[in-house]
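So you can see what is in the structure, the chains are spelled out below.
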Protein chains: 4
Amino acid sequence: MEYNAKIVNRLKRSKGQLEGVLNMIADEKDCAAIVTQLSAVRSSLDKAIGLIVAENLVECVQNNQNGQDTEEEKIQQAIKLLMKSR
Amino acid sequence: MEYNAKIVNRLKRSKGQLEGVLNMIADEKDCAAIVTQLSAVRSSLDKAIGLIVAENLVECVQNNQNGQDTEEEKIQQAIKLLMKSR
Amino acid sequence: MEYNAKIVNRLKRSKGQLEGVLNMIADEKDCAAIVTQLSAVRSSLDKAIGLIVAENLVECVQNNQNGQDTEEEKIQQAIKLLMKSR
Amino acid sequence: MEYNAKIVNRLKRSKGQLEGVLNMIADEKDCAAIVTQLSAVRSSLDKAIGLIVAENLVECVQNNQNGQDTEEEKIQQAIKLLMKSR
């Protein structure tokens, strides 16, 4: 599967935000600000995961134009991955 | 609020894992492995958030031994932060 | 979209579990037991949501064999629904 | 632990919403509307869980005015329940 730049940039931003949180902790900043930042990183990661499992499922279904068993099995695996990732 | 080493180390590990995921994406690794790693980072962040909001709430209640209004207000804010962070 | 019996039964069970929790609360049962039950209902609902958005996305892609714009638009809407449901 | 009316009413509303969703499914309503309703029930349950674990933790800390071991153990259990419930 190819990962588009949108996902890569999102993960790089998340990494930068995590670095920022580590600095806030070193400076003993207010915990509400730290929790807000960490929650933003968590939901950004969740979005990246959602995009990957959705695009993976779309690809599996598109590759299954002729309904072969192996392809159908891949669709079920893609749905399983989507469920597990929630 | 003081942040114990457990939380700081957890966040540093999460940052390292994110770097690892970016390398996996550059190598176009299988998406199931990438989703599994990202899910692990997400749940590690969620644990860090949970520890911070729990310890913050405990501190606010402990500081409120003499039941002053301002302290009670801090407890309600700590509960609100906990709810928002879920 | 047709909803299979698996999803309907899961929701009926969740409703029954909720009734059970209301009885546990009336009996002032231990909060750990109540939280465990509520968490089980929450994750069961999350699974039902995951199954619905996944099957919806598969259907949209399968209906898009001839790549018409309107169908592609439906795929994007199905991905958006999946993301929003997380 | 005593459960306030706010939590009980929230759970009763959630149960009613679930009944509503089962009717929507029987009427084969649009899946986006069903997913939106189910997501609302899920987040309402999550709020109820958050209120219960927060109030439980506050109670444990308040009961621990004289710092006895058994009480400290209860605080740690309340934090564990909070973490597990996320």
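Residues numbered from 1 in each chain as written. Chains lettered and ligands numbered in written order. Predicted model: local features only at pLDDT ≥ 70, side-chain atom pairs only at ≥ 80, totals over all residues. Heavy atoms only, no water.

What follows concerns the pattern of salt bridges. The final tally for this structure, using the stated rule, is 12 salt bridges over all chains. For the salt bridge of R86 of chain B with D46 of chain D, the shortest nitrogen-to-oxygen distance reads 3.2 Å. Taken as a pair, R86 of chain B in the segment after α3 (69-84) and D46 of chain D in helix α2 (residues 31-62) lie in two separate chains rather than in one. Note on accessibility: R86 of chain B and D46 of chain D belong to one class, buried. Residue D46 of chain D is joined to R42 of chain C by a salt bridge in which the shortest nitrogen-to-oxygen separation is 2.4 Å. Within this pair, whereas D46 of chain D is found in helix α2, its partner R42 of chain C is found in helix α2 (residues 31-62), the two belonging to separate chains. What makes D46 of chain D buried here is its relative accessible area of 18%. (Salt bridge = Lys/Arg side-chain N within 4 Å of Asp/Glu carboxyl O. Helix = DSSP H or I, 4+ residues; strand = E, 2+ residues; numbered from the N terminus. Buried < 20%, exposed > 50% of the residue type's maximum accessible area, 1.4 Å probe, protein only.)

Facing the 36 residues of chain A at the interface are 36 residues of chain B. Per-residue buried area on chain A facing chain B is highest for Y3, L22 and R42 of chain A; these three make up 21% of the total on that side. Where E19 of chain B meets K15 of chain A, a salt bridge forms, and the shortest distance between an N and an O atom there is 3.5 Å. For the interface between chain A and chain B, the tally reads nine residue pairs in polar contact (both at pLDDT 80 or more). Going through the elements one at a time, α1 (5-26), α2 (31-62) and α3 (69-84) of chain A are the ones with two or more residues in the side of chain A that touches chain B. If you tally residues by element for the side of chain A that touches chain B, the top one is α2 of chain A, at 15 residues. Among the residues forming the side of chain A that touches chain B, the class breakdown is 20 nonpolar, five polar and 11 charged. (Contact = heavy atoms within 4.5 Å. Buried area = accessible area lost by both parts, 1.4 Å probe. Polar contact = N/O pair within 3.5 Å; in protein donor to acceptor, adjacent residues only side chain to side chain. Nonpolar A, V, L, I, M, F, W, Y, C, P; charged D, E, K, R; others polar.)

Another point: the relation of the copies chain A and chain B. Each of the two chain copies can be brought onto the other by rotation about an axis and movement along it. Under the fitted operation, chain A is carried onto chain B by 0.0 Å of movement along the axis and a turn of 180 degrees, and the coordinates agree to an RMSD of 0.0 Å. Here the copies are linked by what is in effect a two-fold axis. Of the interface residues in chain A, 100% have counterparts in chain B that sit at the interface too, so the contact is made through matching surfaces. (Least-squares fit on C-alpha atoms with pLDDT ≥ 70 in both.)

This next bit is on a negative patch on the surface. A surface patch of negative charge is lined by E2 and E59 of chain A together with D27 and E28 of chain B. A relative accessible area of 63% means that E2 of chain A is categorised as exposed. (Patch = residues over 30% accessible without salt bridge, like charges linked within 9 Å, V, L, I, M, F, W, Y side chains within 5 Å. Areas by Shrake-Rupley, 256 points an atom, 1.4 Å probe, with all protein chains shown as cover. Lys, Arg positive; Asp, Glu negative; His and termini not counted. Charge placed at Lys NZ, Arg CZ, Asp CG, Glu CD.)

A separate point is the interface of chain D and chain C. Taken together, the contact between chain D and chain C spans 36 residues of the former and 36 residues of the latter. Carbon and sulfur atoms supply 78% of the area that chain D and chain C bury against each other, a total of about 3000 Å² over both sides. When residues of chain D are sorted by the area they lose upon contact with chain C, Y3, L22 and R42 of chain D head the list and together hold 21% of the total. Inspection of the chain D/chain C interface yields 10 residue pairs in polar contact (both at pLDDT 80 or more).

You can overlay chain D on chain C at an RMSD of 0.0 Å; the transform is a turn of 180 degrees with a shift of 0.0 Å along its axis. Most of the interface of chain D is mirrored in chain C, where 100% of its interface residues are also at the interface.

Here we come to unusual backbone geometry. Even without being a glycine, E28 of chain A presents a positive backbone phi close to 50 degrees. By secondary structure assignment, the location of E28 of chain A is in the loop between α1 and α2.

Further remarks concern the side chain of S14 of chain A. Residue position: S14 of chain A is located in helix α1. Under the relative-accessibility criterion, S14 of chain A is labelled buried at 0%. Setting aside chain neighbours within four positions, we find S14 of chain A in contact with V41, S44 and L45 of chain A together with L18 of chain B.

One way to put it is that helix α1 (residues 5-26) of chain C packs onto helix α1 (residues 5-26) of chain D with a least axis distance of 10 Å and a crossing angle of 160 degrees. Considering the angle they form, α1 of chain C stands roughly antiparallel to α1 of chain D. Pair α1 of chain C / α1 of chain D crosses with left-handed handedness. Facing I7, V8, L11, K12, S14, K15, L18, E19, V21, L22 and I25 of chain C of α1 of chain C, the residues of α1 of chain D in contact are I7, V8, L11, K12, S14, K15, L18, E19, V21, L22 and I25 of chain D. (Axes fitted to C-alpha atoms, helices over the stretch in contact; angles between N-to-C directions. Parallel < 35°, antiparallel > 145°, perpendicular 65-115°, else oblique. Left-handed = near helix turned anticlockwise from the far one by under 90°.)

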